[in-house]
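# Observations on chain architecture
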Amino acid sequence: MPKINQLVTQTRISRRLHKWFGVPIAVFLILVSVTAIMLAWKKEMRLIPTSQKTRVAEGANWIPVEQIIVAATTHMKDSVGKSYEIDRVDIRPDKGIAKVVFKRHFTEIQVDGLSGEILSVSQRNSDLIEKIHDGSILDFIFGRDGGVKHIYSTVTSIFLILLCVTGLMLWYNPKAIKKEKARRIER
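In short, a report on the structure. (Residues numbered from 1 in each chain as written. Predicted model: local features only at pLDDT ≥ 70, side-chain atom pairs only at ≥ 80, totals over all residues. Heavy atoms only, no water.)

### Overview of the packing of aromatic side chains
For clarity, the threshold we go by: Two aromatic rings, drawn from Phe, Tyr or Trp (for Trp, its six-membered ring), form a pair once their centres lie within 6.5 Å of each other, and the interplanar angle then sorts them: stacked below 30 degrees, edge-to-face above 60, tilted otherwise. Secondary structure elements are defined from DSSP: runs of H or I of at least 4 residues count as helices, runs of E of at least 2 residues count as strands, and each element is numbered from the N terminus. Here the term buried applies to any residue with accessible area under 20% of the maximum for its type, exposed to any over 50%, and partly exposed to those in between, with areas from a 1.4 Å probe on protein chains only.
For the structure shown, the criterion picks out three aromatic pairs. On the basis of an interplanar angle of 35° and a centroid distance of 4.8 Å, the ring pair of Phe-106 and Phe-140 is categorised as tilted. Within this pair, whereas Phe-106 is found in the loop between β2 (97-102) and β3 (107-112), its partner Phe-140 is found in helix α4 (residues 136-142), the two being separated by 34 residues in sequence. For Phe-106, a relative accessible area of 10% gives the class buried.

Here it is in structure tokens:
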């Protein structure tokens, strides 16, 4: 009887853990799953701005990247009125443009690589969704660089592993108890 009692105790503990951790972690898993679907379909859902296209000539001389940065930051300061701290510049030689993305908001400015003309100013919703997906939205909100994201990802992953282990125990232990009882009857 001690083996059956041990399995029953394990099952009860697993059920309690599964129940108490299951509901809160389900919220995070749904959030991660929904944002993963949105990221997979971001072009079809038009979550990223359409890349403009301008004159593209073989061997054409692009203006210096510094000039592209000045054009984008000047436009951001003067016309849009948001922070002009740059996160990255994405050069698209095949389309003749450079995309300038900013750190403190989800705005993208597309600049003509030959003239420095501003082609478009758009919201990058896919960047927001990506930050929600991986937890870095908390770092973005609190102005930190990676600390909260790592805690969020680690805790979510540990709880997911715990749910999997307790779920397997809830599936396996009743079968093991049944098998143990059948073995005892045969004796």
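### Looking at the pattern of salt bridges
Threshold: We define a salt bridge as a side-chain nitrogen of Lys or Arg found within 4 Å of a carboxyl oxygen belonging to Asp or Glu.
This structure, assessed with the given rule, holds 10 salt bridges. The partner of Arg-104 in a salt bridge is Glu-85, and the shortest N-O contact between them spans 3.2 Å. Placement of the pair is Arg-104 in the loop between β2 and β3 and Glu-85 in the loop between α2 (65-80) and β1 (86-92), with a sequence separation of 19 residues. A relative accessible area of 34% places Glu-85 in the partly exposed class. Its salt-bridge partner being Arg-184, residue Glu-180 comes within 3.5 Å of it at the nearest N-O pair. Here Glu-180 pairs with Arg-184, and both are found in helix α5 (residues 147-186), just four residues apart, close to one helical turn. Under the relative-accessibility criterion, Glu-180 is labelled buried at 5%.

### Digging into the pairing of β3
Every regular strand shows the same layout, with side chains that alternate between the two sheet faces. Convention followed: The pairing criterion for strands is at least two bridges between them, as found by DSSP.
The element β3 is extensively covered by neighbouring structure, given that six of its six residues are classed as buried. Here β2 runs beside β3; their pairing, made up of five bridges, is antiparallel. Residue pairing across strands places Lys-99 opposite Gln-110, the latter belonging to β3. Counting the residues in the hairpin turn of β2 and β3 gives four residues. Inspection of the sheet shows β3 paired to strand β4 (residues 118-123) by five bridges, in the antiparallel sense.

### Focus on the environment of Trp-20
By the secondary structure assignment, Trp-20 is in helix α1 (residues 2-40). Placed 143 residues apart in sequence, Trp-20 and Leu-163 show a C-alpha to C-alpha distance of 9.9 Å.

### Concerning the packing of helix α3 (residues 125-134) against α5
Rule in force here: Working convention: axes come from line fits to C-alpha atoms, limited for helices to the stretch in contact. Angles between N-to-C directions cover 0 to 180 degrees. Any angle that falls under 35 degrees is termed roughly parallel, while one over 145 is termed roughly antiparallel, one within 65 to 115 roughly perpendicular, and all others oblique. Working rule for contacts: check all heavy atoms of both residues, and any pair within 4.5 Å makes them a contact. Polarity classes work like this: nonpolar for Ala, Val, Leu, Ile, Met, Phe, Trp, Tyr, Cys and Pro, charged for Asp, Glu, Lys and Arg, and polar for all others, with Gly in that last group.
Orientation of α3 relative to α5, taken along the N-to-C sense of each, is 55°, at an axis distance of 9 Å. Here α3 is positioned oblique relative to α5, judged by the angle of their axes. Note on element contacts: α5 touches α3 through Lys-149, Tyr-152 and Ser-153, opposite Ile-132, His-133 and Asp-134. Of the residues assigned to the contact of α3 with α5, the class counts are two nonpolar, two polar and two charged.

Without other data, these values stay purely geometric and don't point to any function.
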